[in-house]
Structures are given as C-alpha cells and as structure tokens.
Amino acid sequence: MGAERFSAADMARERLARQDQFEIMLRRQGWHLIRHKPVYTDPRVIRLYLNQELEPDERARRFYESFGDNTFRKLLRHIFFHKSSSYADLKRMCAGEQKLEQNLACLQEDHLVTHDGMLYHKSLAYKHIDNLGPTLEWYISEWFRDWLQVPARHGVALKGVADGGDLDVVAFVDGIRVMVESKSGSPNQITENELRLFLRRAADFNPEIAVLLIDTESNIDRQVEILNKLRAGGDPLTPQNNHHSLFWGARHIYVINAYPGLGDALSAVLRLYYSRIRHMSFFQ
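Because the structure is a prediction, the values reported are computed rather than measured.

K.L.:
Outline empty space enclosed by the protein, listing residues and values.
P.N.:
What the rule picks out here adds up to two cavities of 30 Å³ or more. When its volume is computed, the largest cavity comes out at roughly 200 Å³. Along the walls of the largest cavity sit 16 residues, with Arg13, Tyr40, Arg47, Ala60 and Trp138 positioned nearest its centre. Secondary structure elements with two or more residues in the lining of the largest cavity: helix H1 (8–17) and helix H3 (56–67). The element best represented in the lining of the largest cavity is H3, accounting for four residues.

See below:
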C-alpha cells in the first residue's frame, strides 16, 4: 500500500499519537531508539481504508474491535493465506454456523474478503498483506494505548538488543517497561531458535515484564518446555492458572496464549505481576 492511501486525517492522527513521550521514556531509562513502526500509518498493518461510510477514527475502531475476536482472526488468517477457502473449511474453525455467518458478514462488509459462490478469497485491495504478524503487533500496542492509556509502539528497534534490537511491542505501564513478542502462526511452527532469540532479547532489554504471546487457543506446554530447556537461570516457567494458558518463571518471563481473548490474556499477565510477582525478591 503506497503513501497515497493515507489521508490527511490519517497523518494528523499519526502525529497526535506520537506526542505521548514514548521515546523520552526510553531515553530516561538509558535506551537508544533506532526506529519504530508508524502508529497508524504502517503499510504492513491491515486497515479498513475502503469503508468510506465511516470516518478514519471509526474505521480504525471497528477493525480494532473485530480483530480482538479470536474467531475473526482465525478466519482472516486462513482466508488471507489460502488462494481460496471453502465454506466447509471455515465452518470447521467456528464454534457454530451462526458465529461463522456473523464473522463472514463483517469481513465482507469491510471489504476484507470477497466470495464467489461458496469460496472465499482475500480482497485484491489487501494483496500486499502477506503476514498477519504486523497487524497482531499493532493490535497489542493499540491495546496498551487504548485500554490502558499508556505509551506503546510496535516494531521497536533498540541499540544494544539481540538480533538487531527488533522488539515486537514495547509499552510503559506506570513507568514499568513491558515487552511483548507475538507469534501469529501455528504454535508447532515456532522454532527453537525463535524461542532462544526471545530469551536473548528479554535478557538484553531486561524489562520488568517480558511476554511471549502465542496467538492460539491450543495448548502451549511444548513451547514452554523448550523455553525451560533454553533458559539460562531462574526458576522454570510453570502454569499460573487451571487452563495452562499463562506461565511465569525465570523472574520476568511470561508466556500466554490467546485464551479466552488477547485483551484478557494481557490483563492476566498484569494482574499476576501486580498481585504477586513485583513483591518478590530475586537473587542471582
């Protein structure tokens, strides 16, 4: 998507979003910001720029609310990365046909998806989007900005952090540094090297809260097992709830899946930190 797709209203919103002192807060804690992705004009992030019935802020709000739904993301991911998707394939991904119909209606109304008979396709307007990862990163940073009203950015590159210093999301909550690394594909496709790099970035940036968010409702025990094998020290990551959807260990490492929703999962991390973890004393 070229720069011509961004309206004057988009650019004004971008300038306003950059007035939250994010870079200054990094500087005050000794970090040199190389760059971050645009807040609202990132060409790799899906936007509802075709729905002209709504104002830019309303379009952004509508997509943000839709993308937060686990079923919506599953359907969007499947349709975007297959040449065609049958109704039967999509139905197997939903809890019921009514849920599927509601999501398909939303996807088509917002011109994200087209259909030909019973086959569904990615709209040609989004042919440049080949990875849902950047949109997931944007959503997480927007959750911090919108829900918590705190400074946050996605695609943050910092001097002195492993692998080029590229962090998916960085946010400041009451001055506390939070880092979130997100994985949008199948959990089984996450490699050992990716998990090793997450631990290195978490060690180099050393935030109070370092989160690995795996965008699935499936079991993530295997990924946690690998992280425990790779960790350099500290207590092993252990489940913190009955669903095994939240794990904590090694002082500041949290691993979560998207059950029951992205916002709920992120809130669970903060709730655990503020209620228990921050009061603990850690020794080498």
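K.L.:
I'd like a rundown of the nonpolar core, residues and numbers included.
P.N.:
Among soluble globular proteins, nonpolar side chains are generally buried collectively. Counting 60 residues, the largest nonpolar core has Leu112, Phe144 and Tyr254 as the members making the most contacts within it. Residue contributions to this core peak at eight residues, all from helix H10 (residues 262–275). Counting contributing residues, this core receives three or more from each of domain 1 (47–126) and domain 2 (132–281). Once residues within four sequence positions are removed from consideration, Tyr254 is found in contact with Glu208, Ile209, Ala210, Val211, Leu212, Leu246, Phe247, Trp248, Val269, Leu272, Tyr273 and Ile277. Residues Val170, Phe172, Ile226 and Val255 belong to the second largest nonpolar core, which totals 29 residues.

K.L.:
Describe the environment of Cys94, with residues and values.
P.N.:
With respect to the helices and strands, the residue Cys94 is situated in the loop between helix H5 (87–91) and helix H6 (97–109). Sequence separation of Cys94 and Lys74 is 20 residues, and the distance between their C-alpha atoms is 8.8 Å. Excluding its chain neighbours within four sequence positions, the residues that come into contact with Cys94 are Thr71, Leu75 and Leu100.

K.L.:
Would you mind going over the environment of Leu199 in detail, with residue names and values included?
P.N.:
Relative to the assigned elements, Leu199 resides in helix H8 (residues 192–205). Residue classification places Leu199 among the buried positions, given a relative accessible area of 17%. Between the C-alpha atoms of Leu199 and Val170, which are 29 residues apart in sequence, the distance is 15 Å.

K.L.:
Describe in detail unusual backbone geometry, supporting the description with residues and values.
P.N.:
For residues that are not glycine, phi is negative in most cases, and the peptide bond is trans in most cases. The omega torsion across Tyr259 and Pro260 is -5 degrees, close enough to zero to call that bond cis. Within the secondary structure layout, Pro260 lies in the loop between strand S11 (253–257) and H10. If you check the backbone angles, Asp163 has positive phi at about 60 degrees while not being a glycine. Examined against the element boundaries, Asp163 turns out to sit in the loop between strand S5 (152–158) and strand S6 (166–173).

K.L.:
Break down helix H9 (residues 221–230) for me, with residues and values.
P.N.:
By the burial criterion, the buried members of H9 are Gln223, Val224, Ile226, Leu227 and Asn228. Looking at the packing, one finds that the buried side of H9 touches H8, strand S8 (209–214), strand S10 (246–249) and S11.

K.L.:
Lay out the sheet that holds strand S2 (residues 85–86) with the relevant residues and their values.
P.N.:
Across the sheet, which stays open at both edges, the three strands sit in the order S2-S4-S3 with antiparallel pairing between neighbours. Every interior strand has two partners, whereas the edge strands, S2 and strand S3 (113–116), have only one. Judged from the four bridges that link them, S3 and strand S4 (residues 119–122) form a sheet pairing that is antiparallel. Bridge pairing in S4 links His115 to Tyr120. Against the sheet, helix H4 (residues 70–80) touches S2, S3 and S4, its axis set at about 85 degrees to S4.

Cut-offs and rules
- Residues numbered from 1 in each chain as written.
- Predicted model: local features only at pLDDT ≥ 70, side-chain atom pairs only at ≥ 80, totals over all residues.
- Heavy atoms only, no water.
- 1 Å grid on protein atoms, 1.4 Å probe; cavity = no way out; pocket = protein on both sides within 12 Å on 5 of 7 lines; lining within 4 Å.
- Points joined across faces, edges and corners; volume = space filled by probe spheres on them.
- Helix = DSSP H or I, 4+ residues; strand = E, 2+ residues; numbered from the N terminus.
- Core = buried A, V, L, I, M, F, W, Y, C linked by side-chain atoms within 4.5 Å.
- Buried < 20%, exposed > 50% of the residue type's maximum accessible area, 1.4 Å probe, protein only.
- Domains from an automatic or database assignment.
- Contact = heavy atoms within 4.5 Å.
- Pairing = 2+ DSSP bridges.
- Axes fitted to C-alpha atoms, helices over the stretch in contact; angles between N-to-C directions.

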